[in-house]
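# Survey of secondary and tertiary structure
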Amino acid sequence: METITDRAGIQSPLGLRAALAVAENYHKRELFNDEYLKWWEISLQYKTGQIAKDALLGMAASKHAIYNRHPEEKRAFYDPANLRTAKTHYQDFVERYPQDAEKLGTNQVIKQIEEQLAEKELVIAQYYDRTVHVQAANLYYDMVLQDYPQTDAAEAARQSRSF
């Protein structure tokens with residue numbers, strides 16, 4: 001399929017169908033980095049229309065899936081770069097396509113990502129608390145409170161903050 005896209009060109013109907021099939025296949029095989037790159041390639045050629053919407057959502061979902069494939073209890077120990085990228089793509093989708101975002105519940109996904117990011121910062125604060133690095137712990141607790149005030153992690157930070 002990649003060969004078809006390369007030969008026919010992603011701008012042709014055949015090349016586009018092949019590229020979409022490749023992205024879908026990567027998703028099914030849980031090759032989320034490859035899926036993201038294919039959606040990104042598609043997004044470079046299609047700036048408007050349904051294909052652009054699908055590409056933007058595909059990029060967001062694949063980056064979110066990269067982070068979420070880790071066991072839930074260990075996610076906070078992994079690099080949040082994929083989460084931040086996913087959040088940016090979802091926010092871009094909300095900005096560009098507000099009606100579609102409302103139908104798809106994109107704002108709820110953004111809230112979930114914010115919870116995950118806040119949880120990551122909270123885990124770092126708790127680590128510093130356990131190791132009696134009060135200043136560092138308070139710095140991270142404050143970051144949670146400032147950056148993610150409406151999250152469950154912020155409530156935990158309020159209760160845990162060292163003085």
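None of these values were measured; they are calculated from a predicted model. (Residues numbered from 1 in each chain as written. Predicted model: local features only at pLDDT ≥ 70, side-chain atom pairs only at ≥ 80, totals over all residues. Heavy atoms only, no water.)

### Quick look at a nonpolar patch on the surface
The cut-off we apply is this: Each patch is built from residues that are more than 30% exposed by relative accessible area and take part in no salt bridge. Like charges join if they lie within 9 Å; nonpolar side chains (Val, Leu, Ile, Met, Phe, Trp, Tyr) join within 5 Å. To measure how exposed things are, a 1.4 Å probe is used in the Shrake-Rupley method; for residues, cover is taken only from the protein chains shown. Salt bridges are defined as contacts in which a side-chain nitrogen from Lys or Arg sits within 4 Å of a carboxyl oxygen from Asp or Glu. A run of DSSP states H or I qualifies as a helix once it reaches four residues; a run of E qualifies as a strand once it reaches two. Both are numbered from the N-terminal end.
A surface patch of nonpolar side chains, amounting to about 280 Å² of accessible area, comprises Met1, Ile4 and Leu14. For Met1, the location among the structural elements is in the segment before α1 (2-8).

### Overview of the packing of helix α3 (residues 32-45) against helix α4 (residues 49-68)
Threshold: Think of each axis as a best-fit line through the C-alpha atoms, taken over the contacting stretch in the case of a helix, with angles from 0 to 180 degrees between the N-to-C directions. Each angle gets one of four labels, with under 35 degrees taken as roughly parallel, over 145 as roughly antiparallel, 65 to 115 as roughly perpendicular, and the rest as oblique. Handedness of a helix crossing follows the sense of rotation of the near helix relative to the far helix, less than a right angle counterclockwise being left-handed and clockwise being right-handed. Contact definition: two residues touch when any of their heavy atoms are within 4.5 Å. Polar here means any residue other than Ala, Val, Leu, Ile, Met, Phe, Trp, Tyr, Cys and Pro, which are nonpolar, and Asp, Glu, Lys and Arg, which are charged; Gly is therefore polar.
Here α3 crosses α4 at 160 degrees, and the two axes come no closer than 8 Å. Classed by the angle they form, the pair α3 and α4 counts as roughly antiparallel. As α3 packs across α4, the resulting crossing turns out to be left-handed. For the pair formed by α3 and α4, the contact residues are Phe32, Asn33, Glu35, Tyr36, Trp39, Trp40, Ile42 and Ser43 on the first element and Ile51, Asp54, Ala55, Gly58, Met59, Ser62, Lys63, Ala65 and Ile66 on the second. Per-class residue counts for the contact of α3 with α4 are ten nonpolar, four polar and three charged.

### Description of the side chain of His89
The following threshold applies: Exposed residues in this analysis have more than 50% of their type's maximum accessible area, buried residues have under 20%, and partly exposed residues fall in between, with area computed by a 1.4 Å probe over protein chains only. Definition of a polar contact: a pair of N or O atoms within 3.5 Å, with one able to donate and the other able to accept a hydrogen when the atoms are protein atoms, and with sequence-neighbouring residues admitted only if both atoms are side-chain atoms.
Inspection of the secondary structure assignment puts His89 in helix α5 (residues 81-96). Taking the relative accessible area as the measure of exposure, His89 reaches 12% and is therefore buried. A distance of 3.2 Å separates the side chain of His89 from the side chain of Tyr36, its partner in a polar contact. Beyond its immediate sequence surroundings of up to four residues, His89 is in contact with Tyr36, Leu56, Met59 and Ala60.

### Here's the deal with the environment of Leu44
Along the polypeptide, Leu44 turns up in helix α3. When the C-alpha positions of Leu44 and Ala55 are compared, they lie 9.2 Å apart, and in sequence the two are eleven residues distant.

### Points about the packing of helix α2 (residues 13-28) against α3
Two numbers describe how α2 lies on α3: the axes approach to 8 Å, and their chain directions differ by 155 degrees. The orientation of α2 with respect to α3, classified from their angle, is roughly antiparallel. Of the two elements, α2 crosses α3, and the hand of that crossing is left-handed. Every residue of α3 that contacts α2 at Leu16, Ala19, Leu20, Val22, Ala23, Tyr26 and His27 is listed here: Phe32, Asp34, Glu35, Lys38, Trp39 and Ile42. For the contact of α2 with α3, the residue count by class is nine nonpolar, one polar and three charged.

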